[in-house]
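Listed below, chain by chain, are the residues.
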Amino acid sequence: MSRWKVLPAELDPRVRQLVVRLRRLKDHSGLSIRQLAARTGYSAKSWERYLGARSLPPAEALAALARVCGEDPARLLALREVAAEGWTAMPEQPLVASHLPSPEPAPRSPERRALRIAIVAGSVTLVLAVSSAVLVTVRIMDANSSGGPGASSTATTRSAAPLAAPTAASPYPCRIQRTDGLWYAGNSRTQQENLAVGNAGPDVAEAQCLLRRAGISPGGIDGIFGPLTEHAVKQFQKRSGLVVDGMVGPHTWKALRG
């Protein structure tokens, strides 16, 4: 567990509640600040400010953290909405001197607050869904182009005789073969890529095919890391004597390919 610096006594309770929750999620994930930065796309210095109550994290950062830690993003966004009302000053923004007093913001009604939370949560969900759809569409286009009249002989060899042919619902094939003592499914050759709920693409499809080869169903081979794939990964990790965290990392890849 991390040894966190004690939060200032004068910190608004609403801000304190958000920061404490973020610290618990970070500790529970077992990730370092640098690993958290790599998984979420926000720098380590940014997370140090967020977790040190020196800066209010943006909604997108909380959505990324929720994806990495398996948390419901709506909960974090609700806590952020409440904390924003108690935030008195942002450290990164310089204070501008003025001889006029600042007007007090009008209080928000519970209905407006709930509506804003719902809109932000819906926007984050839509972005994640669109990103996954784009990745799937690109993969389908690549598969179609590789089988066209102008495709090279190498591409034809790679796409020949799949064990599980791609369909509209499952655009990724599973061409299981053993090379140099390792199992491959024809979608990715990675052995290091870290995958978790919210990820999408050929690396996820590769893991899904290898899970199916191991006798554990991840649902469809759709290249989307959802709850069914997470459950299958946990089953495989438990059976293989690995840390059961539902994420595919180097150790899980090694077991899947071995």
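Residues numbered from 1 in each chain as written. Predicted model: local features only at pLDDT ≥ 70, side-chain atom pairs only at ≥ 80, totals over all residues. Heavy atoms only, no water.

**Looking at helix α5 (residues 73-86)**
The end-to-end C-alpha distance of α5, which contains 14 residues, comes to 20 Å, matching closely the 20 Å that a straight helix rising 1.5 Å per residue would cover. The set of residues buried in α5 consists of L76, L77, L79, R80, E81, A83 and G86. Its side-chain oxygen 3.1 Å from the backbone nitrogen of A74, D72 forms the N-cap of α5. (Helix = DSSP H or I, 4+ residues; strand = E, 2+ residues; numbered from the N terminus. Expected span 1.5 Å × (residues − 1). Buried < 20%, exposed > 50% of the residue type's maximum accessible area, 1.4 Å probe, protein only. Polar contact = N/O pair within 3.5 Å; in protein donor to acceptor, adjacent residues only side chain to side chain.)

**Structural notes on the state of the cysteines**
Applying the stated criterion to the full structure yields one disulfide. One disulfide in the model links C174 with C209; its S-S distance is 1.9 Å. Where C174 bonds to C209 through sulfur, the torsion about that S-S bond is close to -80°, and the disulfide is left-handed. Of this pair, C174 sits in the loop between α7 (153-158) and β1 (177-179) while C209 sits in helix α8 (residues 202-213), placing them 35 residues apart in sequence. The pair formed by C174 and C209 is uniform in burial state, with each residue classed as buried. (Disulfide = S-S within 2.5 Å.)

**Comments concerning the packing of helix α4 (residues 59-69) against α5**
Axis separation between α4 and α5 bottoms out at 9 Å; the angle between their running directions is 145°. Of the two elements, α4 crosses α5, and the hand of that crossing is right-handed. Contact residues: α4 offers A59, L62, A63, L65 and A66, while α5 offers P73, L76, L77 and R80. Looking at the contact of α4 with α5, its residues break down into eight nonpolar, no polar and one charged. (Axes fitted to C-alpha atoms, helices over the stretch in contact; angles between N-to-C directions. Left-handed = near helix turned anticlockwise from the far one by under 90°. Contact = heavy atoms within 4.5 Å. Nonpolar A, V, L, I, M, F, W, Y, C, P; charged D, E, K, R; others polar.)

**Digging into the nonpolar core**
With 26 residues, the main nonpolar core has V15, L18, L22, W47, L65 and L76 as its most contacted residues. Put simply, the parts of the chain that give this core at least two residues each are α1 (13-29), α2 (33-40), α3 (44-51), α4 and α5. In terms of residue count, the dominant contributor to this core is α4 (six residues). When sequence neighbours within four positions are dropped, the list of residues in contact with L76 reads L18, R21, L22, L25, L62, L65, A66 and E71. Residues A207, L210, V233 and L256 belong to the second largest nonpolar core, which totals 14 residues. (Core = buried A, V, L, I, M, F, W, Y, C linked by side-chain atoms within 4.5 Å.)

**Here we look at the environment of A207**
Locating A207 in the fold gives a position in helix α8. Looking at A207, the relative accessible area reads 2%, which means it is buried. Sequence separation between A207 and V248 is 41 residues; the distance between their C-alpha atoms is 7.9 Å. Setting aside anything within four residues of it in sequence, one finds A207 in contact with L195 and W253.

By themselves, these are just geometric observations and shouldn't be taken as functional.
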